[in-house]
There are 4 protein chains.
Amino acid sequence: MKNTFGCELTVTIFGESHGPCIGAVLDGLEPGIRVDDELIKRQLAHRRPSGVISTPRVERDEYSIVSGVFEGMTTGTPLTIIIPNTNTKSGDYERGLPRPGHADYTGYVKYKGFEDYRGGGHFSGRITAALVAAGAIVIGALGERGVRIGTHIKRCGGVDDRDFGELDRDIEALAESVFAVLDADAGECMKAAITDAARDGDSVGGVLETAVTGVPAGVGEPWFDSLEGMIAHAMFSVPAVKGIEFGRGFDICGLRGSEANDPLSYSGGAVITETNNNGGINGGISNGMPIIFRTAVKPTPSIFKPQRTVDLLTGEPTSLELKGRHDPAIVHRARVVADSVTALVIYDMMRVAGAIK
Amino acid sequence: MKNTFGCELTVTIFGESHGPCIGAVLDGLEPGIRVDDELIKRQLAHRRPSGVISTPRVERDEYSIVSGVFEGMTTGTPLTIIIPNTNTKSGDYERGLPRPGHADYTGYVKYKGFEDYRGGGHFSGRITAALVAAGAIVIGALGERGVRIGTHIKRCGGVDDRDFGELDRDIEALAESVFAVLDADAGECMKAAITDAARDGDSVGGVLETAVTGVPAGVGEPWFDSLEGMIAHAMFSVPAVKGIEFGRGFDICGLRGSEANDPLSYSGGAVITETNNNGGINGGISNGMPIIFRTAVKPTPSIFKPQRTVDLLTGEPTSLELKGRHDPAIVHRARVVADSVTALVIYDMMRVAGAIK
Amino acid sequence: MKNTFGCELTVTIFGESHGPCIGAVLDGLEPGIRVDDELIKRQLAHRRPSGVISTPRVERDEYSIVSGVFEGMTTGTPLTIIIPNTNTKSGDYERGLPRPGHADYTGYVKYKGFEDYRGGGHFSGRITAALVAAGAIVIGALGERGVRIGTHIKRCGGVDDRDFGELDRDIEALAESVFAVLDADAGECMKAAITDAARDGDSVGGVLETAVTGVPAGVGEPWFDSLEGMIAHAMFSVPAVKGIEFGRGFDICGLRGSEANDPLSYSGGAVITETNNNGGINGGISNGMPIIFRTAVKPTPSIFKPQRTVDLLTGEPTSLELKGRHDPAIVHRARVVADSVTALVIYDMMRVAGAIK
Amino acid sequence: MKNTFGCELTVTIFGESHGPCIGAVLDGLEPGIRVDDELIKRQLAHRRPSGVISTPRVERDEYSIVSGVFEGMTTGTPLTIIIPNTNTKSGDYERGLPRPGHADYTGYVKYKGFEDYRGGGHFSGRITAALVAAGAIVIGALGERGVRIGTHIKRCGGVDDRDFGELDRDIEALAESVFAVLDADAGECMKAAITDAARDGDSVGGVLETAVTGVPAGVGEPWFDSLEGMIAHAMFSVPAVKGIEFGRGFDICGLRGSEANDPLSYSGGAVITETNNNGGINGGISNGMPIIFRTAVKPTPSIFKPQRTVDLLTGEPTSLELKGRHDPAIVHRARVVADSVTALVIYDMMRVAGAIK
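Note that the coordinates shown come from a computational prediction; the quantities given were computed from them, not determined experimentally. (Residues numbered from 1 in each chain as written. Chains lettered and ligands numbered in written order. Predicted model: local features only at pLDDT ≥ 70, side-chain atom pairs only at ≥ 80, totals over all residues. Heavy atoms only, no water.)

Summing up its helical and strand segments, chain A has 8 helices and 18 strands in all. Here the C-alpha radius of gyration of chain A, 21 Å, is about what a compact globule of 357 residues would show, namely 21 Å. Split into buried and exposed, the 357 residues of chain A put 68% on the buried side. Considering only contacts within chain A whose residues lie at least 6 apart along the sequence, 71% involve residues at least 24 apart. (Helix = DSSP H or I, 4+ residues; strand = E, 2+ residues; numbered from the N terminus. Rg over C-alpha atoms; globule rule 2.2 N^0.38 Å. Buried < 20%, exposed > 50% of the residue type's maximum accessible area, 1.4 Å probe, protein only. Contact = heavy atoms within 4.5 Å.)

Structure below.
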């Protein structure tokens, strides 16, 4: 489906970094969700660059909802959000000189040279603003049902944040946090590392950790549309993501079964697991425990250091020195994208499971 | 789509561990692929348990292809493979006593108690035999086009295999290897670790590493149907998989952009990257370099040690001591499943890209 | 999706006329549907040829359900039905001599000569036996919810059956009827017309009319997945169908809006329409009135008269005189296929609408 | 998929009659299609109302293409077209008073009263403007490949147009024709009938006939994604369509097989059929002959005569007298919608078949 994803709730995204606008169509929302503009604005603000740790290209993200909302509430028909691009400097980009680590070369091959190469075109992280706006509507609807989502920067520039603790409190704190860490000191160290890299004309990556609470047991499918499969599929759409792991993830491979298995017991009449090494999912289906996963975000490929590349027009090797405005890290901006993508998948799978009518 | 996956090539799987048979329907194959029974048998043999490092339940996997093949070649219409279950001992399983780490509890909630609970039913790893048989047909077709796939056990029981070296040679060696490691000594240590765990009534997990060579540049989609997203989606369908990472994966987060970016250059007229930290994929699309990813396989949840669980029929906590026949590790059997699932996705995406007509 | 259809309930079909078996996979059934073998057998019997008005090839249709049923009830995981082919005479068919009106030529082009040409291969009406068996399971489940489906032969060989009257009574009568007409005399005339055609080595077509009662208002989607669109899509899969019309259908074009519009009123607290020119559907969505549509079934293309055709192997025009066993009409056999396909779509759309959980 | 349709080329539509805009996203276009604004404008003009035979609500349809086009050519990434609504009079509509023959009642049930009821909201024929604009891009691309599409009003107000004759000439003439008939005199009679109905505060329907030339043999799928099934599915999305028939359609049921079968022969080396009773499609797959089908368009349900309806807010029967601006017929405006929808399906299926790379 290329740019459309989901089963009962589908999201379709469109736009280019330097085109007139970007946007998303959400199809399959329940009717009667109240659209919370404050929430959409807050989420877009969390994604917006600010300060030396981000690109100087700042978009105001003055979105419009042009369909699917009537008298402030969703109608149940396709909801379309459009966000204009206003702050573009297309002169910074040259045709035929692919930036290493970017999609410039692969896009050139796939689209036979017709792609909009300016600022990464349709591959640009700019398009995630549409995912964030779309996600905010769904996050609101999930919140009404007691489902909460939060992502923190687990690692960045060699610095670790503390682990999740009391989840609902942590998620609440993250919602208001501009630089999403649980330990403020760790956050300062991470920012220093990003600033260092920026000073060197370089960039850093990081690991995001996402938690979802309140998803009832029974959501997901045994084989291809496992919760893990659907979340992973969607998360790998976020530019720069190179890995994902659920629960204990790769570390679970070092355990024995007797350590990895989560014993089952009752708590207040409900079935729980005493540990959560499986991250809330067994056999692709939610077990009622918090869903936990981590996502690897590579260092931003746009750096100011000279790099070896090829000139696709002349067929000669060459060197590239980027101009323009670039992020020395995106992990702090990507965390709200992770929340949004997660929300879209969880809402969709809850609809499929009948947990949202 | 639940039990169907893919765009131009779809695979639909069905069956239960203790039902009469399992199977798969492949729709969207080219007409004229010669069906190579030796290859199917070899792949099924690689998945089949053997010795103390596997379950004593050995199925002969006498598959039948009941549609879509005529005079030894695919017709282009749906190809259906059926594999009978012959060696079942259903008395080993009890209703309402979910095994920790398994899908018993989540399946019970989702299917309201109507699920076939015997041996994990539809959640059983047994169903992967159908994926392996289906994958073998596609592996053959890809091989004709110069696309080769191989998976080795990168880590198991605390032991590491050596890294991939000369890829096509390594892949060729793995194709014949029963216990798929590149370093035979490492393999012996892994087997010893599995045997140890088995003796303790326990189990171990591991990490698989898969390489694909020969995929042309331009395969995959920029957003939701990225190669990473499609491969991850499919790989999380394999029971016990809890993580996936491409190229340098989670480790790339510790690099700076100048280290992580793969410089582009020409080699023999073709664009290549000098390093392959991105695992052959940029912006969701193949760049012509080998596709490399690793998959985390958790320790088999079926162990013989007593475990705490709940009795869903009485609503009381209880203890569970498994009877029956179980694998102390599945990582060595799962590697051929990884190959198969990968082949199905790569073939599908190559068809979408027009690289297979 | 080629051979898979549906949203929440998907049906995948496979098999060839002269292969070992045909079958279907149903994915997305509720758990807990009791499988009614008597109903499946009755429906298959309604499709089975008998007497001079049908082909002499009679298959016993000894189906097996090989997955998705446990202790007599659906599990909710994929249900697979397999029906062996036992009575095949492949020698009756020649490669490269397309039968006019059949898919022989188009199949040859599409599948590049690799298609199984015997008896129409995968294009054969034989595959509808799998749809009938699959449909029977869904018809049973819909019946439990008060949804009833019936199809009669509205026209055949120049003879008209009477219109539907008291629907639930008519549907009940049709369920037991071997030659599905509401007026027995009309049925005898139709059979005589078929017999006449058979005697001439020729064939006749007909029009089927289907009614569905008990579908609640609100099922269907406004645009692409309209009830009409979904039913039409599925019905055109039935071989020989060349037209479909809902409610008054093509005749509604001759009315004025004041005649065609169905006035709304209340009856027993429920909204009804006083007439049903729209066949129970407005804007693609059920309005709670009976769903009514008619399907055009062309005369069976397999006839015994000599016909002009081409020899694809020599590139020369030639004449073809069919051997083998053929139906002088299929409309009386197709009616149960219409019921089945309708049931699959209605069940699917009711699941999407949340009317079946 | 609700508001998204297609396999390799998908179209997603959004918007409401009285919202800020309507639009469509096309995903899966080839890169490098030159966007022909004159063609888009001409097609939109063909759909635009004019004179007494149409509604007085005239929209200027000043569309913007906001993504997927770069330097005048498609990029291959999603192409989004937005068309503002400017001429809305929302005061003409009342909540809770469903218009007979419209989707007001079914939309109310499905969307639980949250639907935008003004002017039919998302159900409005207004949304077809987006399909027409999207279709124009595809019509251009198909034209480059020698595929031509034309639709005429076969019947309206009791008057018949002549049959298609020399197809490519007829299609060319229709492209320029405002009131799309092949016989100008018949057209005048139709217009008189529409004017009569308008004078009576009433409306008329009609039958459209569409021809497609230049589609190569081998496009379409044997079962669910037959060309007939895909075209029918899409055409039933067009508001007011109640029937569709291919080739001889319902009339073929009155023929014998020997009359209905199209003999095959060679012409200039190519396989042709001597007649075209099957409308260019056998077994769901194009045979290289012109594709011909007819669509039944019911009389516009919006009429000025008083009608019986229900008051959904009070639960009482009531009478409704429409205010506002309405079409006494839409068949003359719908013909370009038929062309557009057909083009979208043909392009999609040609991509799936590999006939467009």
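Moving on to the pattern of salt bridges. In total, this model carries 96 salt bridges over all chains according to the counting rule given. Taking the shortest distance from any N to any O, the salt bridge between arginine 294 of chain B and glutamate 209 of chain B comes out at 2.8 Å. With arginine 294 of chain B in strand β16 (residues 291-297) and glutamate 209 of chain B in strand β10 (residues 206-213), this pair connects stretches of sequence that are 85 residues apart. The burial state of arginine 294 of chain B is the same as that of glutamate 209 of chain B; both residues are buried. Ionic pairing is found between glutamate 176 of chain C and arginine 42 of chain C, a salt bridge with its closest N-O pair at 3.6 Å. A residue pair is termed long-range when its members are at least 10 positions apart, and glutamate 176 of chain C in helix α4 (residues 167-176) and arginine 42 of chain C in helix α1 (residues 37-47) qualify at 134 residues. Counted as one network, the salt bridges with shared partners bring together Arg48, Asp61 and Arg126 of chain A. (Salt bridge = Lys/Arg side-chain N within 4 Å of Asp/Glu carboxyl O.)

Right, let's talk about the side chain of arginine 294 of chain D for a bit. The buried category is assigned to arginine 294 of chain D, whose relative accessible area is 12%. A polar atom in the side chain of arginine 294 of chain D sits 2.8 Å from the side chain of glutamate 245 of chain D. With residues near it in sequence (within four places) discarded, arginine 294 of chain D still touches Phe250 of chain C together with Val207, Leu208, Glu209, Gly243, Ile244, Glu245, Gly247, Arg248 and Gly249 of chain D. (Polar contact = N/O pair within 3.5 Å; in protein donor to acceptor, adjacent residues only side chain to side chain.)

Facing 99 residues of chain D, the contacting portion of chain C comprises 99 residues. The junction of chain D with chain C conceals about 7900 Å² of combined surface from both sides, 62% of it contributed by carbon and sulfur atoms. Three residues stand out in chain D for area buried against chain C, namely Trp223, Phe224 and Lys242 of chain D, and they jointly supply 13% of the buried area on that side. Note that arginine 308 of chain C and glutamate 274 of chain D form a salt bridge whose closest N and O atoms lie 2.6 Å from each other. The interface formed by chain D and chain C holds 48 residue pairs in polar contact (both at pLDDT 80 or more) in total. Of the residues forming the side of chain D that touches chain C, the biggest block, 6 residues, is contributed by strand β11 (residues 241-246) of chain D. Of the residues belonging to the side of chain D that touches chain C, the class tally is 47 nonpolar, 33 polar and 19 charged. Strand direction decides the pairing type here: strand β11 (residues 241-246) of chain C and β11 of chain D, joined by 3 bridges, are antiparallel. Within β11 of chain D, the residue paired with glycine 243 of chain C across the bridge is glutamate 245 of chain D. (Buried area = accessible area lost by both parts, 1.4 Å probe. Nonpolar A, V, L, I, M, F, W, Y, C, P; charged D, E, K, R; others polar. Pairing = 2+ DSSP bridges.)

This next bit is on the pairing of strand β10 (residues 206-213) of chain C. Residue and element names in this part refer to chain C. Most of β10 sits out of view: 8 of its 8 residues are buried. Alternating residues of β10 divide into Gly206, Leu208, Thr210 and Val212 and Val207, Glu209, Ala211 and Thr213, and every residue in both groups is buried. Taken together, the 8 bridges between strand β8 (residues 148-156) and β10 define a ladder with antiparallel strand orientation. Opposite threonine 151, over in β10, you have threonine 210 as the bridge partner.

Here we come to the interface of chain B and chain A. With 99 residues of chain B at the contact, the number on the chain A side is 99 residues. For the pairing of chain B and chain A, the buried interface totals around 7900 Å² over both sides, and the portion due to carbon and sulfur atoms is 62%. By the criterion of area lost to chain A, the three top residues of chain B are Trp223, Phe224 and Lys242 of chain B, representing 13% of everything that side buries. The partner of lysine 110 of chain A in a salt bridge is glutamate 221 of chain B, with the nearest N and O atoms 3.1 Å apart. At 6 residues, strand β11 (residues 241-246) of chain B tops the list of elements feeding residues into the side of chain B that touches chain A. In the side of chain B that touches chain A, the residues fall into 47 nonpolar, 33 polar and 19 charged.

Residues and elements named next belong to chain D. In the sheet, strand β12 (residues 264-267) pairs with strand β13 (residues 270-273) via 4 bridges, with the strands oriented antiparallel. For serine 267, the partnering residue across the bridge sits in β13 and is alanine 270. Taking the residues between adjacent antiparallel strands as the criterion, β12 and β13 are bridged by 2 residues, where glycine 268 takes a positive phi near 60°.

A few words on the relation of the copies chain D and chain C. Taken together, a rotation about one axis and a shift along it account for how the two chain copies relate. The transformation that overlays chain D on chain C combines an axial shift of 0.0 Å with a rotation of 180°, and the residual RMSD is 0.0 Å. Viewed as a symmetry operation, the transformation between the two copies matches a two-fold axis. When the interface residues of chain D are mapped onto chain C, 100% of them again lie at the interface, so the same face is used by both copies. (Least-squares fit on C-alpha atoms with pLDDT ≥ 70 in both.)

A word on the relation of the copies chain B and chain A. With an RMSD of 0.0 Å, the operation that places chain B on chain A is a rotation of 180° combined with a shift of 0.0 Å along the axis. With an isologous cut-off of 70% or more, the 100% of interface residues of chain B that recur at the interface of chain A puts this contact in the isologous class.

Turning next to helix α1 (residues 37-47) of chain A. All names here are of chain A. Buried within α1 are the following residues: Leu39, Ile40, Gln43, Leu44, His46 and Arg47. The buried residues of α1 occupy an angular sector of 155° when projected down its axis, which confines them to one face. Among the structural elements, β4 (64-67), β7 (79-84), α3 (128-144), α4 (167-176) and α8 (331-352) are those in contact with the buried residues of α1. Where α1 begins, one side-chain oxygen reaches toward the backbone nitrogen of glutamate 38, 3.1 Å away; that side chain belongs to aspartate 36. (Arc of directions from axis to C-beta.)

If you walk across this open sheet you meet the 10 strands as β9(A)-β8(A)-β10(A)-β16(A)-β11(A)-β11(B)-β16(B)-β10(B)-β8(B)-β9(B), and the pairing is antiparallel. Taken across any chain shown, the strands that pair with only one partner, and hence form the sheet edges, are β9 (159-160) of chain A together with β9 (159-160) of chain B.

Once that is clear, we can look at the environment of glycine 280 of chain D. Residues and elements named next belong to chain D. Position of glycine 280 among the secondary structure elements: in the loop between β13 and β14 (281-282). Exposure remark for glycine 280: the relative accessible area of 0% places this residue in the buried category. Counting along the chain gives 218 residues from glycine 280 to glutamate 62, while the straight-line C-alpha distance between them is 37 Å. With near-sequence residues (within four places) excluded, glycine 280 lies in contact with Ile285, Ser286, Asn287, Gly288, Met289, Pro290 and Ile291.

Now for the packing of aromatic side chains. Counting across every chain of the model gives 22 aromatic pairs over all chains. Relative to phenylalanine 246 of chain B, the ring of phenylalanine 236 of chain A has its centre 5.3 Å away and its plane inclined at 85°; by these criteria the two rings are edge-to-face. Of this pair, phenylalanine 236 of chain A sits in the loop between α6 (227-235) and β11 (241-246) while phenylalanine 246 of chain B sits in strand β11, placing the two residues on different chains. On the basis of relative accessibility, which here comes to 3%, the residue phenylalanine 236 of chain A falls in the buried class. (Phe/Tyr/Trp six-rings, centres within 6.5 Å; stacked < 30°, edge-to-face > 60°.)

Bringing the state of the cysteines into the picture now. Under the defined criterion, the tally for this structure stands at 0 disulfides over all chains. This cysteine, cysteine 253 of chain A, is not joined by any disulfide, and cysteine 156 of chain B carries the nearest cysteine sulfur, 9.3 Å off. When its relative accessible area of 7% is taken as the criterion, cysteine 253 of chain A is described as buried. (Disulfide = S-S within 2.5 Å.)

Attention shifts here to the sheet that holds strand β2 (residues 10-15) of chain B. Residues and elements named next belong to chain B. One open sheet accounts for 5 strands, arranged β1-β2-β3-β7-β4; its pairing is antiparallel. Pairing within the sheet leaves two strands with one partner each, and these edge strands are β1 (4-5) and β4 (64-67). In terms of strand pairing, β2 meets strand β3 (residues 21-27) through 6 bridges, oriented antiparallel. What sits directly across from glycine 15, in β3, is isoleucine 22.

To continue, consider helix α2 (residues 104-111) of chain D. Of all 8 residues in α2 of chain D, 6 are buried; the element is thus mostly enclosed. Every buried residue of α2 of chain D is listed here: Asp104, Tyr105, Thr106, Gly107, Lys110 and Tyr111 of chain D. Against the buried residues of α2 of chain D lie β13 (270-273), β14 (281-282) and β15 (285-286) of chain C. Following α2 of chain D by one or two positions, lysine 112 of chain D has its phi on the positive side, about 60°.

This paragraph deals with the packing of helix α6 (residues 227-235) of chain B against helix α8 (residues 331-352) of chain B. Residue and element names in this part refer to chain B. Axis separation between α6 and α8 bottoms out at 9 Å; the angle between their running directions is 140°. For the element pair α6 / α8, the angle class is oblique. Between α6 and α8 lies a crossing whose hand is right-handed. For the pair formed by α6 and α8, the contact residues are Leu227, Met230, Ile231, Ala234 and Met235 on the first element and Ala338, Val341, Thr342, Val345, Ile346, Asp348 and Met349 on the second. Taken together, the residues of the contact of α6 with α8 break down into 10 nonpolar, 1 polar and 1 charged. (Axes fitted to C-alpha atoms, helices over the stretch in contact; angles between N-to-C directions. Parallel < 35°, antiparallel > 145°, perpendicular 65-115°, else oblique. Left-handed = near helix turned anticlockwise from the far one by under 90°.)

Side chains of Lys112 of chain A, Lys357 of chain B, Lys112 of chain C together with Lys357 of chain D sit close together on the surface and give a patch of like positive charge. In this fold, lysine 357 of chain D is placed in the segment after α8 (331-352). (Patch = residues over 30% accessible without salt bridge, like charges linked within 9 Å, V, L, I, M, F, W, Y side chains within 5 Å. Areas by Shrake-Rupley, 256 points an atom, 1.4 Å probe, with all protein chains shown as cover. Lys, Arg positive; Asp, Glu negative; His and termini not counted. Charge placed at Lys NZ, Arg CZ, Asp CG, Glu CD.)

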